Amino acid sequence: MILIRLSVTSPFVRKVRIAVDHLGLANRIRFVPQEEDAHDVMRAKNPLNKVPTAILEDGSIVFDSPVLLEMVDIMAGGGRIIPSDFDPRMKALTLQALADGILEAAVLIGYESRYREPHQASQRWLDHQRKKVDQGIAFAQTLLDDAPLHVGHIALACALGFVDVRLTRDWRAANPKLVTWLDDFARRVPSYEATRPEK
Ligand SMILES: N[C@@H](CCC(=O)N[C@@H](CS)C(=O)NCC(=O)O)C(=O)O
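Residues numbered from 1 in each chain as written. Predicted model: local features only at pLDDT ≥ 70, side-chain atom pairs only at ≥ 80, totals over all residues.

S.K.: Which residues make up the overall build of the chain, and what values do they have?
M.R.: On a plain count of helices and strands, the chain comes out with eight helices and four strands. What you see for the chain is a C-alpha radius of gyration of 17 Å, in line with the 16 Å of a compact globule of 199 residues. In terms of overall dimensions, the chain has a C-alpha envelope of 45 × 40 × 30 Å along the principal axes. Every one of the 199 residues in the chain was classed for burial, and the buried ones make up 33%. Counted over contacts in the chain with a minimum sequence separation of 6, partners at least 24 positions apart contribute 72%. (Helix = DSSP H or I, 4+ residues; strand = E, 2+ residues; numbered from the N terminus. Rg over C-alpha atoms; globule rule 2.2 N^0.38 Å. Buried ≥ 20, exposed ≤ 12 C-beta atoms within 10 Å, placed from the backbone. Contact = placed C-beta atoms within 7 Å.)

Right under this line is the structure:
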């Protein structure tokens with residue numbers, strides 16, 4: 001059994017939870033709840049100290065979320081959520097990279113107040129990261145496709161969900177196509193609602 005430390009608030013872990021559910025791999029991967037790893041021993045296996053990190057059956061460590069999505073895709077036979085052909089593969093991976101970039105910026109905005117004293121907070125730095133979030137979301141709207149569910153879709157849905165919960169930034173008014181897309185995603189992928197973190 002492969003172990004992954006569960007964090008109900010991490011959008012990067014959410015990506016993996018959705019992929020595992022979609023690919024029917026719940027019997028091969030266990031998300032370990034925080035109570036079973038109160039001292040964060042599993043996270044510490046990753047020298048970057050980040051989740052998601054997986055511990056394989058032989059004890060080896062695999063991270064980060066794009067790599068784990070590749071891992072579960074291969075476990076499910078390959079070509080399931082990462083298309084095999086060049087064009088659709090590049091599109092899916094680029095959308096995933098964009099969504100992950102939005103997430104990294106959003107996470108850094110949160111860390112500004114978590115890890116720095118209020119008087120140290122830099123408005124210039126926060127604006128720099130917010131610009132990435134806003135520009136990233138606007139660009140994502142131009143990359144939408146009708147392809148079967150892939151890693152780009154999963155990452156984008158998790159990024160928008162995280163912006164809603166953590167930044168309370170109104171991306172909807174300027175991006176109506178994305179609103180429709182996300183509603184449709186939530187309908188098609190039941191694990192999206194099931195993994196929604198509380199505000
Ligand atoms: N690029 C990584 C990002 C993972 C990440 O930033 N996870 C956050 C939680 S949402 C974390 O563990 N942060 C702790 C830290 O940065 O020290 C991925 O895609 O998995």
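Moving on, there is more to tell.
S.K.: Lay out the site of the ligand in plain terms, naming residues and giving numbers.
M.R.: Around the ligand, the surrounding shell consists of Ser10, Phe12, Asn49, Lys50, Val51, Pro52, Asp64, Ser65, Pro66, Asp100 and Val107. Elements represented by at least two residues in the shell around the ligand include exactly helix 3 (65-75) and helix 4 (86-115). (Near = placed C-beta within 6 Å.)

S.K.: So what's going on with the environment of glycine 79? Which residues, and what values?
M.R.: Here glycine 79 shows up in the loop between helix 3 and helix 4. Its 14 C-beta neighbours within 10 Å are what place glycine 79 among the partly exposed residues. Sequence separation between glycine 79 and arginine 89 is 10 residues; the distance between their C-alpha atoms is 9.1 Å.

S.K.: Explain the domain arrangement of the chain to me, and be specific about the residues and the numbers.
M.R.: Looking at the assigned domains, one finds that the chain contains domain 1 (2-75) and domain 2 (86-190). Inter-centroid distance (C-alpha atoms) of domain 1 to domain 2 is 21 Å. With nine residues of domain 1 at the interface, the matching set in domain 2 holds 12 residues. Taken together, the elements giving at least two residues each to the side of domain 1 that touches domain 2 come down to helix 1 (11-22) and helix 3. By residue number, the principal contributor to the side of domain 1 that touches domain 2 is helix 1, which donates seven residues. (Domains from an automatic or database assignment.)

S.K.: Before we move on, could you go through the pairing of strand 1 (residues 2-5) and cite the residues and values that matter?
M.R.: With four bridges connecting them, strand 1 and strand 2 (residues 29-32) associate as parallel partners. What sits directly across from isoleucine 2, in strand 2, is isoleucine 29. Following the chain from strand 1 across helix 1 to the adjacent parallel strand 2, one finds a crossover that is right-handed. Direction of pairing for strand 1 relative to strand 3 (residues 54-55): antiparallel, over a ladder of two bridges. (Pairing = 2+ DSSP bridges. Right-handed = clockwise from strand over helix to strand, strands pointing away.)

S.K.: Tell me what's going on with helix 7 (residues 176-188), and back it up with residues and numbers.
M.R.: Counted at 1.5 Å a residue, the expected span for helix 7 with its 13 residues is 18 Å, and the 19 Å between its end C-alpha atoms agrees. With one of 13 residues buried, helix 7 lies mostly on the surface of the structure. (Expected span 1.5 Å × (residues − 1).)

S.K.: Please give an account of the sheet that holds strand 2 that cites residues and values.
M.R.: Consider a sheet: its strands pair through backbone hydrogen bonds, and that pairing is either parallel or antiparallel. If you walk across this open sheet you meet the four strands as 2-1-3-4, and the pairing is mixed. Of all strands in the sheet, those bounded by a partner on one side alone are strand 2 and strand 4 (61-62).

S.K.: Give me the lowdown on the nonpolar core, citing residues and values where you can.
M.R.: Ranked by internal contacts, the top residues of the largest apolar core, which has 42 residues, are Ala99, Ile102 and Ala159. Counting residues per element, this core draws most heavily on helix 6 (residues 151-167), at 10 residues. A domain-level breakdown of this core finds at least three residues from each of domain 1 (2-75) and domain 2 (86-190). Apart from residues lying up to four places away in sequence, alanine 159 is in contact with Pro11, Ala99, Ile102 and Leu103. (Core = buried A, V, L, I, M, F, W, Y, C linked by C-beta atoms within 7 Å.)

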